[in-house]
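# Working through the structure, step by step
Read off the chains here:
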Amino acid sequence: MKVFVTGGAGYIGSVCVEELLDAGHAVTVFDNLSEGHRSAVDARASFVLGDLGDRELVGRAVAEAQAEAVIHFAAHALVGESMQNPGKYFRNNVAHGLNLLEAAVTAKVGKFVFSSTCATYGVPEKMPMDESLPQRPVNPYGESKLMFEKMLQWYQQIHGLEFVAFRYFNAAGASRKFGEHHRIETHLIPNVLKVALGQKDRCDIFGTDYPTPDGTCIRDYIHIVDLAQAHILALAPGQAGFFNLGNGSGYSVREVIQTCERISGRAIQTVEQPRRPGDPPRLVAAADKALKQLGWQPKFPQLEDIVATAWDWHLRHPDGYRD
Ligand code: UDP
């Protein structure tokens, strides 16, 4: 299948592109390289440097790629930043994303796969979280993704655009070739591993007074290769709707740090900080729908394995991508 991938130079996108190509698909990557890296784009893919805000270019690129499916990763995705600069999130994730949606309809694309997030649920009423929970985001990032989910539903109803929207829990880990390199790193696992590498003195623990057993936030970490595989399954005709993607196991910030210590064999200095605005205390997925309906089977459900692949990548790429 010819697949048009926005954000294919980014962390999750780069691994999905690799898996798509390995599965025999033809891939065009569209990325403005604001967060992504040119060298994170698999050499077998075509590459278009462009911004989703450029409506005409987006339309042309989707048409020229003769895309049969669009996978839309490109977005801003930091909870903390969205609490300081909400406009950046609504502009890029909603308004600019709309250009892609319109281009997909015009080009009669058969399937639209969207990267949504568990942040659309806000502070959940029950745990683990299934897809039927009410969606009440507590930060503009989650709100921007929920707005796009709603647009997708209208485009399906009015234009017949078939879509799959994945609500990711916490993406982590690496493939052999591609891993996590954000220019400004805010995520827990890479920040802890930077301490293990000696690139940072200590790691912050944001909030130690949450209503959790050790007082720190609990998240459900999912390997990006498993995440990527779900996208490939979503391309099958007839697959549609909203799916949580997580492993169903929650780990606290302290447990993640201990796991990183074990895997790296290095001590991690930490410093306790106040809560980070916008962080729900606990997010753990019930992903039964993806397991049953898509036939999704995570290969790396254990946090140890997820951290081990991340550590292996960081050891081989201590400075990340060069560009
Ligand atoms: N966190 C932390 N120290 C860091 C980075 C993150 O304590 O250096 C916490 C953060 O407050 C959250 C959890 O780790 O409770 C996961 O954060 P991350 O940014 O990795 O992912 P998010 O859940 O925000 O998507």
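Residues numbered from 1 in each chain as written. Predicted model: local features only at pLDDT ≥ 70, side-chain atom pairs only at ≥ 80, totals over all residues. Heavy atoms only, no water.

Turning next to helix H5 (residues 140-159). Because each turn of an α-helix spans 3.6 residues, side chains separated by three or four positions end up pointing in the same direction. When the terminal C-alpha atoms of H5 are compared, their 27 Å separation across 20 residues agrees well with the 28 Å that a helix rising 1.5 Å per residue should span. Listed in full, the buried residues belonging to H5 are Pro140, Tyr141, Gly142, Ser144, Lys145, Leu146, Phe148, Glu149, Met151, Leu152 and Tyr155. Downstream of H5 by one or two residues, Gly160 has phi in the positive range, about 70°. (Helix = DSSP H or I, 4+ residues; strand = E, 2+ residues; numbered from the N terminus. Expected span 1.5 Å × (residues − 1). Buried < 20%, exposed > 50% of the residue type's maximum accessible area, 1.4 Å probe, protein only.)

Between its terminal C-alpha atoms helix H4 (residues 86-106) stretches 30 Å, which fits the 30 Å expected from 21 residues at 1.5 Å a residue. At Gly97, H4 shows its maximal bend, which comes to roughly 30°. Buried within H4 are the following residues: Tyr89, Asn92, Asn93, Val94, His96, Gly97, Asn99, Leu100, Leu101, Ala103 and Ala104. Where the residues of H4 are buried, they touch strand S1 (2-6), helix H2 (55-64), strand S4 (69-72), helix H3 (79-84), strand S5 (111-117) and H5. (Bend = angle between axes of the 7 residues up to and from the residue. Contact = heavy atoms within 4.5 Å.)

Around the ligand lies a shell of 14 residues, among which Leu188, Asp204, Phe206, Arg276 and Asp279 are the nearest. One of the backbone N or O atoms of Leu188 is found 2.9 Å from an oxygen atom in the ligand. If the ligand stood free it would expose 510 Å²; the protein chains cover 90% of that surface. Mapped by element, the contributors of at least two residues to the shell around the ligand are helix H6 (188-196) and strand S8 (203-206). Grouping the constituent residues of the shell around the ligand by class yields six nonpolar, four polar and four charged. (Near = heavy atom within 4 Å. Polar contact = N/O pair within 3.5 Å; in protein donor to acceptor, adjacent residues only side chain to side chain. Areas by Shrake-Rupley, 256 points an atom, 1.4 Å probe, with all protein chains shown as cover. Nonpolar A, V, L, I, M, F, W, Y, C, P; charged D, E, K, R; others polar.)

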